[in-house]
Amino acid sequence: MEEILAQLSSIKQAFQQDLQKIQLLREFDDLKISFLGKKSPLQGLLAGMKELSVDNRRTVGPALQELKGFLESTIEEARQAFIERKARTAIEKEQNFDVTAYKPGAVHGRLHPYSQAVEEIEDIFISMGYEILDGPELETDFYNFTALNIPQDHPARDMYDTFWTNKKSMLMRTHTSPVQVRSMQTLELPLAAIVPGRTYRHEAVDATHDFMFMQCEGFFIDKNVTIAHMFATAQTFLKQLFKKDELDIRIRPGFFPFVEPGFEIDMRCPFCSQGCSVCKRSTWMEVFPGGMIHPNVLRAGGIDPDVYSGFAFGFGLSRLVMLKYSIDDIRHLYGGKLKFLEQF
Ligand code: PHE
């Protein structure tokens, strides 16, 4: 009998230890099964009762019942307490969550100044009815030169220091103009589009030149398009980009084999009124080359120059971004330095 009573107290001890370890709600069921289930030591003792003498049964019986009652009620109470505790912490968590709290030192991402400027430029042209197009950076000789009225061995090829590739007639495009003929061949007229993108030239790198830079091509082809449309487009665009109600522009003749006539549009230097180092003391900045698309280029694109006309321009995007944000060295733009980028 002593032995049985000792067993009861070790069951109780084991039970209390296991109860402490509970982490999950379903573990209460497991605990109940192992201490009160059919195969539990307690049930074994209850079943063995009939082998005991009447006297012993009188002592052991109530002790067994008491332990059984204790186990049952303890499990239920602990389970209830567990559920309530969980609910409380869930509510507390929610109540303590302050959406307006300031987290010091949080790092916020942002768009690169180039991306910001491209988005802005795209918005301006979209508002004038233009669409945004794209073209390959690895180009063929045909689209980069021949189709643009620059045949093989034409001296105008010297204007572009070209990165040729191992593959015959393949090059890194030297300007975004190849997209002109590509678009004429595939899209319907009237066509009004801009093409912002990377261009490549085999040049020594300094503060104003890089071997890779961004250009933005633009063209408008329809019946009765004249150069006056281009001047108006350039002025509207520059005014909006530089946020000026009035903006002086100056028009000079310029040569590009794929336009006739060709022009350079200059705007007043945004940094000075008397001349500075950025405008090379002239107070004018060359920002917008363009002209009427040459009939040979229209023909290469499958368009009849006797019926249709169009203008095209191709400005340096990197250059405009530098002017807009007063960046004095093109290498900052692509250097990836956080100290620089964080200013935008
Ligand atoms: N593609 C020319 C360049 O890179 C710029 C240009 C485009 C000029 C379209 C006229 C018309 O130099």
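What you see is a predicted model, and the numbers here were worked out from it, not measured in a lab.

Conventions and cut-offs
Residues numbered from 1 in each chain as written. Predicted model: local features only at pLDDT ≥ 70, side-chain atom pairs only at ≥ 80, totals over all residues. Heavy atoms only, no water. Helix = DSSP H or I, 4+ residues; strand = E, 2+ residues; numbered from the N terminus. Buried < 20%, exposed > 50% of the residue type's maximum accessible area, 1.4 Å probe, protein only. Near = heavy atom within 4 Å. Polar contact = N/O pair within 3.5 Å; in protein donor to acceptor, adjacent residues only side chain to side chain. Areas by Shrake-Rupley, 256 points an atom, 1.4 Å probe, with all protein chains shown as cover. Nonpolar A, V, L, I, M, F, W, Y, C, P; charged D, E, K, R; others polar. Axes fitted to C-alpha atoms, helices over the stretch in contact; angles between N-to-C directions. Parallel < 35°, antiparallel > 145°, perpendicular 65-115°, else oblique. Contact = heavy atoms within 4.5 Å. Pairing = 2+ DSSP bridges. Patch = residues over 30% accessible without salt bridge, like charges linked within 9 Å, V, L, I, M, F, W, Y side chains within 5 Å. Salt bridge = Lys/Arg side-chain N within 4 Å of Asp/Glu carboxyl O. Lys, Arg positive; Asp, Glu negative; His and termini not counted. Charge placed at Lys NZ, Arg CZ, Asp CG, Glu CD. Domains from an automatic or database assignment.

A. Quick peek at unusual backbone geometry. Geometrically, the link from Leu189 to Pro190 is a cis peptide bond, its omega value of -5° lying close to zero. Within the secondary structure layout, Pro190 lies in the loop between helix H7 (178-186) and strand S4 (191-200). Phi at Asn224 takes a positive value of approximately 60°, unusual for a residue other than glycine. Looking at the element boundaries, Asn224 is found in the loop between strand S5 (212-222) and helix H8 (227-241). On the basis of relative accessible area, Asn224 is assigned to the exposed category, the value being 66%.

B. Molecular detail of the site of the ligand. The local shell around the ligand holds 14 residues, among which His175, Ser177, Arg201, Gln215 and Gly314 are the closest. With respect to the ligand, the side chain of His175 contributes an N or O atom lying 2.9 Å from a nitrogen atom. Here a nitrogen atom of the ligand and a side-chain polar atom of Ser177 are 2.8 Å apart. A total of 320 Å² of accessible area belongs to the ligand in isolation, and the protein chains cover 95% of it. No other element matches strand S9 (residues 309-316), which puts 3 residues into the shell around the ligand. Among the residues forming the shell around the ligand, the class breakdown is 6 nonpolar, 6 polar and 2 charged.

C. Highlighting the packing of helix H2 (residues 27-36) against helix H4 (residues 54-95). Axis separation between H2 and H4 bottoms out at 11 Å; the angle between their running directions is 175°. Classified by the angle their axes make, H2 and H4 are roughly antiparallel. Contacts from Phe28, Asp29, Leu31, Lys32, Phe35 and Leu36 of H2 reach H4 at Lys68, Leu71, Glu72, Ile75, Glu76, Ala78, Arg79 and Phe82.

D. Molecular detail of the sheet that holds strand S7 (residues 259-268). Read across the open sheet, the 7 strands follow the order S1-S4-S5-S9-S8-S7-S6; overall the sheet is mixed. The open sheet has two free edges, formed respectively by strand S1 (131-132) and strand S6 (249-253), since each of these has just one partner strand. Alignment of S6 against S7, held across 5 bridges, turns out to be antiparallel. Note on S7: the bridge partner recorded for Ile251 is Ile265.

E. Geometry of a positive patch on the surface. A surface patch of positive charge is lined by Arg85, Lys86, Arg88 and Lys93. In this structure, Lys93 sits in helix H4. Using a relative accessible area of 67% as the deciding quantity, one classes Lys93 as exposed.

F. Structural view of the pattern of salt bridges. Counted under the stated rule, the structure contains 15 salt bridges. Measuring nitrogen to oxygen at the nearest pair gives 3.7 Å for the salt bridge that ties Lys21 to Asp18. Judged by relative accessible area, which is 57%, Lys21 ranks as exposed. For Asp18, a relative accessible area of 30% puts it in the partly exposed group. The salt bridge involving Arg157 is made with Asp141; its shortest N-O contact spans 2.9 Å. Of this pair, Arg157 sits in the loop between helix H6 (141-144) and strand S3 (170-172) while Asp141 is found in helix H6, placing the two residues 16 residues apart along the sequence. Since its relative accessible area comes to 6%, Asp141 is described here as buried.

G. Expanded view of the domain arrangement of the protein chain. By domain assignment, the protein chain separates into domain 1 (2-95) and domain 2 (113-341). For domain 1 versus domain 2, the distance between C-alpha centres works out to 84 Å.

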